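Coordinates in review
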Amino acid sequence: EMMAQLGYHEPLNPETRRRDDDTWQHGWKAFFKGVRLSPRIWAGPPWEAPPSDLEHVFIDPGMAFGTGTHPTTAGATKMLDSLLGEAPRHILDVGCGSGILSIAAAKLGHRATGCEIDPVAARNALENVARNKVTSRVDVVVGSAEDIPGQFDLVVANIIAPVLIELSDAIRARASKQLILSGLLVTQEQKVLEAYPGFRLVTRQLYDPWLVLSLEAES
């Protein structure tokens, strides 16, 4: 009947074939190369040898939850690197994806809690945390910023602008000192900043057309 409605009146004998071909899942590996994300951090695949003078973050991104090659991730890593000094800090990584930023913070001697609403991405992040031997420094929680108790003196959120705005109350409530906002376009900057009253803009880094912002709580 349905086929008749679509204009097919001859009897159809459809055939189905199944191919056990997962090469498409691995094709991206040929294009995934290690990259220096910031002065102290290199990220790349576990099958590539990292530079000896940099802290390394091995990422096997599974179904592509972030390899570090996107300007927003690289920009957020640079900003994170510049803000993390010697004194140990505990950061909150909102929308942690493959876990790059949380692992980078751990490699620099800090603690991190990553939250991720996609359970498959969260599992991938946990695998990357284990791969980098930083399980004692990084927690991964399935959920949103609203699900994380307490405050953090540095919160990093590398997500798209509408979500930065939607979650702004929860993110602000969890940031006692500093914020890194990434994933927004230049054209979205004003609307994003308006969603973060009580915080002033300190630094903006342009990765045209993307922006990474560093904010500080107004005392």
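One structure accompanies this document, and this report is about it. (Residues numbered from 1 in each chain as written. Predicted model: local features only at pLDDT ≥ 70, side-chain atom pairs only at ≥ 80, totals over all residues. Heavy atoms only, no water.)

1. A short note on the sheet that holds strand β9 (residues 199-207)
Defined as follows: Strand pairing is assigned whenever DSSP detects at least two bridges linking the two strands. Here a strand is any run of E in DSSP of at least two residues, a helix any run of H or I of at least four, and the numbering for each starts at the N terminus. The axes used here are C-alpha line fits, helices contributing only the stretch in contact, and every angle between their N-to-C directions lies in the interval 0 to 180 degrees. When checking whether two residues touch, look at their non-hydrogen atoms; a contact exists if any pair is within 4.5 Å.
Pairing within the open sheet is mixed, and its seven strands lie in the order β6-β5-β4-β7-β8-β10-β9. Unpaired on one side and paired on the other, β6 (138-142) and β9 mark the two borders of the sheet. In this sheet, neighbouring strand axes are inclined to one another by 15° on average, regardless of whether the strands run parallel or antiparallel. Note: strand β4 (residues 90-94) against strand β5 (residues 111-116), five bridges, orientation parallel. Considered in β5, the bridge of Val94 is made with Cys115. Sitting on the sheet, helix α5 (residues 119-131) touches β5 and β6, and the angle it makes with β6 is about 170°.

2. Focus: the packing of helix α3 (residues 71-83) against helix α4 (residues 100-107)
We apply this condition: In this scheme, roughly parallel covers angles under 35 degrees and roughly antiparallel covers those over 145, while 65 to 115 is roughly perpendicular and the rest are oblique. Helix crossings are classified by the rotation of the near helix relative to the far one: an anticlockwise turn of less than a right angle makes the crossing left-handed, while a clockwise turn makes it right-handed. Gly is placed with the polar residues, together with every amino acid not listed as nonpolar (Ala, Val, Leu, Ile, Met, Phe, Trp, Tyr, Cys and Pro) or charged (Asp, Glu, Lys and Arg).
At a closest axis distance of 10 Å, the pairing of α3 and α4 adopts a crossing angle of 25°. The pairing of α3 with α4 is recorded here as roughly parallel in orientation. In the crossing of α3 with α4, the sense of the turn from one axis to the other is right-handed. Of α4, the residues touching α3 (which contributes Thr73, Ala76, Thr77 and Leu80) are Ile100, Leu101 and Ala105. Classifying every residue of the contact of α3 with α4 by side-chain character gives five nonpolar, two polar and no charged.

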